[in-house]
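Each chain, written out:
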Amino acid sequence: AGGLILFATLVQISLAEWIEVGEGHPNVVLVTLVAVSLLRGPVFGAVAGFTAGLVLDTASLGTFGMTSLLFTIAGYWTGRFGEVTTRTSVHPLLIAVALATTGVTLGSAVLHFMLGETIAASQLFLSVLVPSLALNMLLAYPIYGLCARFLPPRVGIRREVSPAV
């Protein structure tokens, strides 16, 4: 999983930053984090998110810790989402990618606002969020397939308590 996250970070920094639709970019690291979190659970997702965010913040010379915070939250909640809805949802991967992309984009806007930087809401939603969401949804199934090949899904052990106890 660490190798997958590191590879996704290298692809994000070297290739994905050059792909731009509107003002949105595909977020290969976030989609990889969602796939790993769905396959391994919330704690593993939070640790992977923190690590990926730390590497991205260090490599891009951005505000140190902001991406780590957002990716830690996204990894944890995606893992929880995977534990709860994998068996009941039709496309849990697409739902998880959409929720994580929206959450990270809006969380980043809130954190930038708290740091004194502003962005118009129409620009945020139409120029950044919608193209990023579309690009991430296109990447979801290929990246999940790659991650599932290296990290087969865990088979959970169901423990039930008998009514007699």
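Residues numbered from 1 in each chain as written. Predicted model: local features only at pLDDT ≥ 70, side-chain atom pairs only at ≥ 80, totals over all residues. Heavy atoms only, no water.

1. Description of the overall build of the chain
Step number 1: Scanning the chain from N- to C-terminus turns up six helices and zero strands.
Step number 2: Shown N-terminal to C-terminal, the secondary structure of the chain runs as helices and strands in the order α-α-α-α-α-α.
Step number 3: By residue count, 40% of the 165 residues in the chain fall in the buried class.
Step number 4: For the chain, contacts bridging at least 24 residues in sequence account for 71% of all contacts bridging at least 6.
Step number 5: Carbon together with sulfur atoms contributes 70% to the accessible area of the chain, which is approximately 9,600 Å² in total. (Helix = DSSP H or I, 4+ residues; strand = E, 2+ residues; numbered from the N terminus. Buried < 20%, exposed > 50% of the residue type's maximum accessible area, 1.4 Å probe, protein only. Contact = heavy atoms within 4.5 Å. Areas by Shrake-Rupley, 256 points an atom, 1.4 Å probe, with all protein chains shown as cover.)

2. A word on a nonpolar patch on the surface
Step number 1: Taken together, the side chains of Leu69, Ile73, Tyr76 and Trp77 make up a nonpolar region of the molecular surface, amounting to roughly 410 Å² of accessible area.
Step number 2: Tracing the backbone through its elements, the reader meets Ile73 in helix H4 (residues 66–85).
Step number 3: Taking relative accessible area as the criterion, Ile73 reaches 44% and is therefore assigned partly exposed. (Patch = residues over 30% accessible without salt bridge, like charges linked within 9 Å, V, L, I, M, F, W, Y side chains within 5 Å. Salt bridge = Lys/Arg side-chain N within 4 Å of Asp/Glu carboxyl O.)

3. Description of the side chain of Asn27
Step number 1: Relative to the elements of secondary structure, Asn27 occurs in the loop between helix H1 (2–14) and helix H2 (28–40).
Step number 2: Here the side chain of Asn27 touches Leu30 through a polar contact of 3.2 Å, landing on its backbone nitrogen.
Step number 3: What Asn27 contacts, discounting residues up to four positions off in sequence, is Gln12, Phe71 and Asn136. (Polar contact = N/O pair within 3.5 Å; in protein donor to acceptor, adjacent residues only side chain to side chain.)

4. Description of the side chain of Asp57
Step number 1: Note that Asp57 resides in helix H3 (residues 42–60).
Step number 2: Look at Asp57: it is buried, it has no salt bridge, and the nearest opposite charge is Arg80 at 24 Å.
Step number 3: Discounting residues that sit within four places of it in the chain, Asp57 has contacts with Gly62, Thr63, Phe64, Gly65, Met66, Thr67 and Ser68. (Lys, Arg positive; Asp, Glu negative; His and termini not counted.)

5. Remarks on the nonpolar core
Step number 1: Ranked by size, the top nonpolar core spans 31 residues in total, and within it Leu30, Val34, Phe71 and Cys147 carry the most contacts.
Step number 2: For this core, the secondary structure elements donating two or more residues are H1, H2, H3, H4, helix H5 (92–114) and helix H6 (121–150).
Step number 3: Per element, the largest residue contribution to this core is ten residues, and it comes from H2. (Core = buried A, V, L, I, M, F, W, Y, C linked by side-chain atoms within 4.5 Å.)

6. Looking at the confidence of the model for the chain
Step number 1: Chain-level statistics for the chain give a pLDDT mean of 80 and a share of 84% at 70 or above.
Step number 2: The least confident element of the chain is H1, whose mean pLDDT is 80; the most confident is H2, at 88. (pLDDT = per-residue confidence, 0-100.)

7. Regarding the packing of H2 against H4
Each packed pair of helices is defined by two parameters, the angle between the axes and the distance between the axes.
Step number 1: Contact pair H2 / H4: the axes reach a minimum separation of 8 Å and the direction vectors enclose 40 degrees. Put simply, H2 runs oblique to H4. Between H2 and H4 lies a crossing of right-handed hand. Facing H2, whose interface residues are Val29, Leu30, Leu33, Val34, Ser37 and Leu38, H4 presents Phe71, Ala74, Gly75, Thr78, Gly79, Phe81 and Gly82. (Axes fitted to C-alpha atoms, helices over the stretch in contact; angles between N-to-C directions. Parallel < 35°, antiparallel > 145°, perpendicular 65-115°, else oblique. Left-handed = near helix turned anticlockwise from the far one by under 90°.)

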